[in-house]
Amino acid sequence: MDTGECSLHQRPYIQACLVKYGLDQPMSSGRLVSRPHTTDLFRPGPESSPSVSIDLFQEMVGCLHWCSATHGELNPTLSLLSSRTQTPTVDDQTKLFRVWGYLRDNISTSVLTLRRCDGFKLVGTADAAFRVHTDYRAQLGATLHFGSASTAAVLCLSKKSQYATHSSCEAECLALGLITKRIASVRHQLGFIGFPQMSPTVVFNDNQPALSAHKRDSVPPGLRHMALGNYWLVRD
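The following refers to the structure shown. Not measured: the values here are computed from a predicted model.

1. As for the packing of helix 1 (residues 11-20) against helix 2 (residues 54-67)
Inference 1: Where helix 1 contacts helix 2, the axes come no closer than 11 Å and their chain directions differ by 165°. One finds that helix 1 runs roughly antiparallel with respect to helix 2. Here the hand of the crossing between helix 1 and helix 2 comes out left-handed. In contact with Tyr-13, Ile-14, Cys-17 and Lys-20 of helix 1, helix 2 contributes Glu-59, Cys-63, Trp-66 and Cys-67.

This is the structure:
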């Protein structure tokens, strides 16, 4: 802490994923994967049936998104693989396994060093999908970043709302409450290890009624139907 730096690494997480998916052993040829993709990354492969389940393909791609926090070079490949999660082919699977092979052979570089001069501050985002479930509940999502919302997320949250919301505004308020509770905890932890947050944490949201509601000192009349326990926001 004397240097004003904080290092985050993902080695245990990546290693656990490699073991889970049976990709922890090096290539039989002894060659190392030096790049996460080849020159034919965006070239369409032969059409064929997937040899892995769609659920497994989606899970592995989702884990890679988390790994991109320390491996920004994965983003071009992730952009393609994310677009193939509904109809993955054998070619897509080969590209996916190559990325995991790259992480296996370059696991020592899975470190992100943050410095106070880099703008070591929290930034959050919150969003919600209104009534997307069969029981009319919303899906809430939130992310937490260091520096700006354009950097790789260090925390991703996604959960189904506990009850059916009456409006998209209410759903967005729940998403804002979801990330704000976590921010309050993380701010305290950062202060404890020597990285106090000197200014309020900015949370980005695209719902104007929800943003207007949270600027008030009390629950707006139009949102009195919402449970008070979910109207949770700290204003500095």
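Following the structure, the description resumes.
2. Some thoughts on unusual backbone geometry
Inference 1: Of note in this structure, Arg-131 is not a glycine but carries a positive phi near 50°.
Inference 2: Following the sequence through the fold, Arg-131 ends up in the loop between strand 3 (122-129) and strand 4 (139-146).
Inference 3: For Tyr-136, which is not glycine, the phi dihedral falls at a positive 70°.
Inference 4: By secondary structure assignment, the location of Tyr-136 is in the loop between strand 3 and strand 4.

3. Description of the pattern of salt bridges
Inference 1: The final tally for this structure, using the stated rule, is six salt bridges.
Inference 2: Two residues, Lys-95 and Asp-91, come together in a salt bridge whose shortest N-O distance is 3.2 Å. Residue Lys-95 and its partner Asp-91 are both found in helix 4 (residues 90-105); the two are separated by four residues, about one turn of the helix.
Inference 3: The class for Lys-95 is buried, based on a relative accessible area of 13%.

4. Remarks on the packing of helix 2 against helix 4
Inference 1: Packing of helix 2 against helix 4 brings their axes to within 11 Å, and their N-to-C directions diverge by 35°. When the axes of helix 2 and helix 4 are compared, the crossing they make is left-handed. The residues of helix 4 that touch helix 2, namely those facing Phe-57, Met-60, Val-61, Cys-63, Leu-64 and Cys-67, are Asp-92, Gln-93, Leu-96, Phe-97, Val-99, Trp-100 and Leu-103.
Inference 2: Taken together, the residues of the contact of helix 2 with helix 4 break down into 11 nonpolar, one polar and one charged.

5. Describing the sheet that holds strand 4
Inference 1: Strand order in the open sheet formed by four strands is 5-4-3-6, with mixed pairing between adjacent strands. Either end of the sheet is taken by a strand with one partner, and the two such strands are strand 5 (155-160) and strand 6 (202-204). On average, each strand axis in the sheet is tilted by 15° relative to the strand beside it, whichever way the strands run.
Inference 2: Bridge analysis of strand 3 against strand 4 gives eight bridges, and the strand direction is antiparallel.

6. Here's the deal with the state of the cysteines
Among covalent bonds in proteins, the disulfide is the one between the sulfur atoms of two cysteines.
Inference 1: A full pass over the atoms with the stated rule returns zero disulfides.
Inference 2: Not engaged in a disulfide, the cysteine Cys-67 finds its nearest cysteine sulfur in Cys-17; these two sulfurs lie 5.7 Å apart.
Inference 3: Take Cys-173: it sits in no disulfide, and the sulfur closest to it among the cysteines is that of Cys-169, at 4.2 Å.

7. Brief notes about the pairing of strand 4
Inference 1: Across the eight residues that make up strand 4, a large majority, six, are buried.
Inference 2: As paired strands, strand 4 and strand 5 are joined by six bridges and run antiparallel to one another. When the bridges of strand 5 are listed, Leu-140 appears paired with Lys-159.

8. Observations regarding the environment of Lys-121
Inference 1: Looking at the element boundaries, Lys-121 is found in the loop between strand 2 (111-115) and strand 3.
Inference 2: Using a relative accessible area of 43% as the deciding quantity, one classes Lys-121 as partly exposed.
Inference 3: With 75 residues separating them in the primary sequence, Lys-121 and Pro-196 have C-alpha atoms 8.6 Å apart.
Inference 4: When neighbours within four sequence positions are excluded, Lys-121 is seen to be in contact with His-145, Phe-146, Gly-147 and Gln-197.

What counts and what doesn't
- Residues numbered from 1 in each chain as written.
- Predicted model: local features only at pLDDT ≥ 70, side-chain atom pairs only at ≥ 80, totals over all residues.
- Heavy atoms only, no water.
- Axes fitted to C-alpha atoms, helices over the stretch in contact; angles between N-to-C directions.
- Helix = DSSP H or I, 4+ residues; strand = E, 2+ residues; numbered from the N terminus.
- Parallel < 35°, antiparallel > 145°, perpendicular 65-115°, else oblique.
- Left-handed = near helix turned anticlockwise from the far one by under 90°.
- Contact = heavy atoms within 4.5 Å.
- Salt bridge = Lys/Arg side-chain N within 4 Å of Asp/Glu carboxyl O.
- Buried < 20%, exposed > 50% of the residue type's maximum accessible area, 1.4 Å probe, protein only.
- Nonpolar A, V, L, I, M, F, W, Y, C, P; charged D, E, K, R; others polar.
- Pairing = 2+ DSSP bridges.
- Disulfide = S-S within 2.5 Å.

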